[in-house]
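# Inside the fold
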Amino acid sequence: MKHRKLVILGTGGTIAGKAAHASDNIGYTAAEVGIEQLIAAIPALHGSGSIISEQVSQIDSKDMSFEVWAQLANRVRHFLADDDVQGIVITHGTDTLEETAYFLQMTCQPAKPVVLTCAMRPATALAPDGPQNVMDAVVVASHPEACGVVVVCAGTVHSAMDVQKVHPYKLDAFGSGDAGPVGYVEEGKLRLLRNWPVPQADIALLAIEKIAIWPRVEIVMNYAGASSLMVRALVDQGVRGLVVAGTGNGTIHEDLQAGLLSSQAAGVRIVRSTRCVDGKVLSLSGCAIADSQGLSPVKARIALILDLAAEDARSSAVGQA
Ligand code: SIN
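Residues numbered from 1 in each chain as written. Predicted model: local features only at pLDDT ≥ 70, side-chain atom pairs only at ≥ 80, totals over all residues. Heavy atoms only, no water.

### As for the nonpolar core
The biggest cluster of nonpolar side chains holds 50 residues, and the ones touching the most others in it are L9, V76, I88, I90, F103, L104 and W214. For this core, the secondary structure elements donating two or more residues are β1 (5–12), α2 (66–80), β5 (85–91), α3 (97–108), β6 (113–117), β7 (148–153) and α7 (297–320). When residues of this core are assigned to their parent elements, the largest contribution, 9 residues, is made by α2. Residue contributions to this core reach at least three from each of two domains, namely domain 1 (5–192) and domain 2 (216–320). If you look at the next biggest cluster of nonpolar residues, it comprises 29 residues, including A16, L38, V140 and C147. (Core = buried A, V, L, I, M, F, W, Y, C linked by side-chain atoms within 4.5 Å. Buried < 20%, exposed > 50% of the residue type's maximum accessible area, 1.4 Å probe, protein only. Helix = DSSP H or I, 4+ residues; strand = E, 2+ residues; numbered from the N terminus. Domains from an automatic or database assignment.)

What follows is the structure in structure tokens.
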């Protein structure tokens, strides 16, 4: 069947931000302009076929929550199930974009394209970057080979697995580390640099709507003089998992490590990642702490939360049998 409709979901962010002066690119309030207004301000979009838009949230993405993620994943799943929908574009703040991208990839595993885009300048800026980013995202979402969750910013396409915000100000604020970007959008055309990232399909889709309480997982960092103080405080508060953003190849100060190992022995799930921006933690034989399988600390945290939520769902199914 021929797909015709394109869905654009708004969640907030700088792309929907307003400043008092057009020359102000940083002193703005995020998430002020509605998705319909954002689309209306991009005349070039109006020739892009049938577009459905929906405001899923209107937030600064630093305040992203599991409740908003669950709502967003539900809307994404809903539209993906419509045979007439070709793809989905999501406008989002840049600050937690990589986390939302990974969450949606894991919870929706889309066979169609789900393209997150954003802006580093508010909608009121003299030269806003949002409209071009949306246009580029639409190009990717309309591409016949595109599938899975990707991020489009400043003409570059990143996979959900690799993307990270790497700059707090530049318009080209995202990187894909040593994996490199998936491609570029140039003058309305997608130029692929590598094979389209194939979404993982080996985990069961979670029944997100049934999750009342998301498992609490926090991140601790290793640094000179790190101790187990934070670990003890977090475990006392009932965290079920901890991701450690280790130094180098996920190395951990002996004092912090002692706290992590005793928490692990008490049943808290511990995962070792790296605070390095590029590369990934390599498995160390004999290391008592599991590594993050190449995920950054923030994505490893989401992976652990989803794993614990799946574990909870399995035990409640066994309990009901
Ligand atoms: C946000 O993440 O919502 C604000 C910052 C941005 O979009 O650049």
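### Let's talk about the domain arrangement of the protein chain
Under the domain assignment used here, the protein chain contains domain 1 (5–192) and domain 2 (216–320). Facing the 16 residues of domain 1 at the interface are 12 residues of domain 2. Between domain 1 and domain 2, the buried area comes to about 1100 Å², and carbon and sulfur atoms account for 67% of it. In this assembly, domain 1 and domain 2 are joined by 0 salt bridges. The interface formed by domain 1 and domain 2 holds 5 residue pairs in polar contact (both at pLDDT 80 or more) in total. Among the secondary structure elements, those contributing two or more residues to the side of domain 1 that touches domain 2 are α2 and α3. Taken together, the residues that form the side of domain 1 that touches domain 2 break down as 9 nonpolar, 3 polar and 4 charged. (Contact = heavy atoms within 4.5 Å. Buried area = accessible area lost by both parts, 1.4 Å probe. Salt bridge = Lys/Arg side-chain N within 4 Å of Asp/Glu carboxyl O. Polar contact = N/O pair within 3.5 Å; in protein donor to acceptor, adjacent residues only side chain to side chain. Nonpolar A, V, L, I, M, F, W, Y, C, P; charged D, E, K, R; others polar.)

### With respect to the layout of surface pockets
By volume, the second largest pocket is sized at about 350 Å³. In this structure, the second largest pocket is lined by 23 residues; those nearest its centre are M161, D162, G279, K280 and G294. Taken together, the residues of the lining of the second largest pocket break down into 7 nonpolar, 11 polar and 5 charged. The residues that make up the lining of the second largest pocket include at least three from each of domain 1 (5–192) and domain 2 (216–320). (1 Å grid on protein atoms, 1.4 Å probe; cavity = no way out; pocket = protein on both sides within 12 Å on 5 of 7 lines; lining within 4 Å. Points joined across faces, edges and corners; volume = space filled by probe spheres on them.)

### Looking at the packing of aromatic side chains
A full pass over the atoms with the stated rule returns 5 aromatic pairs. Measuring from centroid to centroid gives 5.0 Å for F66 and W69, while their planes differ by 85°, and the two rings are edge-to-face. Here the residue F66 and the residue W69 both occupy positions in helix α2, the gap between them amounting to 3 residues, near one helical turn. The exposure class assigned to F66 is buried, which follows from its relative accessible area of 12%. Each member of the aromatic cluster is reached from another via a ring pair, and the members are F66, W69, F103 and W214. (Phe/Tyr/Trp six-rings, centres within 6.5 Å; stacked < 30°, edge-to-face > 60°.)

### Quick notes on the sheet that holds strand β11 (residues 183–186)
In spatial order, the strands read β4-β1-β5-β6-β7-β8-β11-β12; together these 8 strands make up an open sheet with mixed pairing. Each edge of the open sheet carries a strand with a single partner, namely β4 (51–59) and β12 (189–192). The average undirected angle you get between the axes of adjacent strands in this sheet is 25°. Sheet topology places β1 next to β5; 6 bridges connect them, and they run parallel. Residue L6 lies in a different strand from β5, and its bridge partner there is G87. Sheet strands touched by α3: β5, β6 and β7. Its angle to β7, the strand with the most contacts, is close to 160°. (Pairing = 2+ DSSP bridges. Axes fitted to C-alpha atoms, helices over the stretch in contact; angles between N-to-C directions.)

### Description of the pairing of β6
On a regular strand, one side chain projects to one face of the sheet and the next to the other, so that they alternate. Burial analysis of β6 places 5 of its 5 residues in the buried class, the great majority of the element. The sheet contact formed by β5 and β6 spans 4 bridges and is parallel. Looking at β6, one finds that V89 is bridged to V115. Chirality of the crossover, the property in question, places the unit of β5, α3 and β6 among those that are right-handed. Note: β6 against β7, 5 bridges, orientation parallel. Bridge pairing in β7 places V115 opposite V150. In this region the chain leaves β6, passes through helix α4 (residues 130–141) and returns to the parallel neighbour β7; the handedness of that crossover is left-handed. (Right-handed = clockwise from strand over helix to strand, strands pointing away.)

### What about the site of the ligand?
As a structural note, the neighbourhood of the ligand is formed by G13, T14, Y28, D60, S61, G93, T94, D95 and A119. The separation between an oxygen atom of the ligand and a polar side-chain atom of S61 is 2.6 Å. Here an oxygen atom of the ligand and a backbone polar atom of A119 are 3.5 Å apart. Within the complex, 95% of the 250 Å² of free accessible area of the ligand lies under protein. Across the shell around the ligand, the residue classes tally to 2 nonpolar, 5 polar and 2 charged. (Near = heavy atom within 4 Å. Areas by Shrake-Rupley, 256 points an atom, 1.4 Å probe, with all protein chains shown as cover.)

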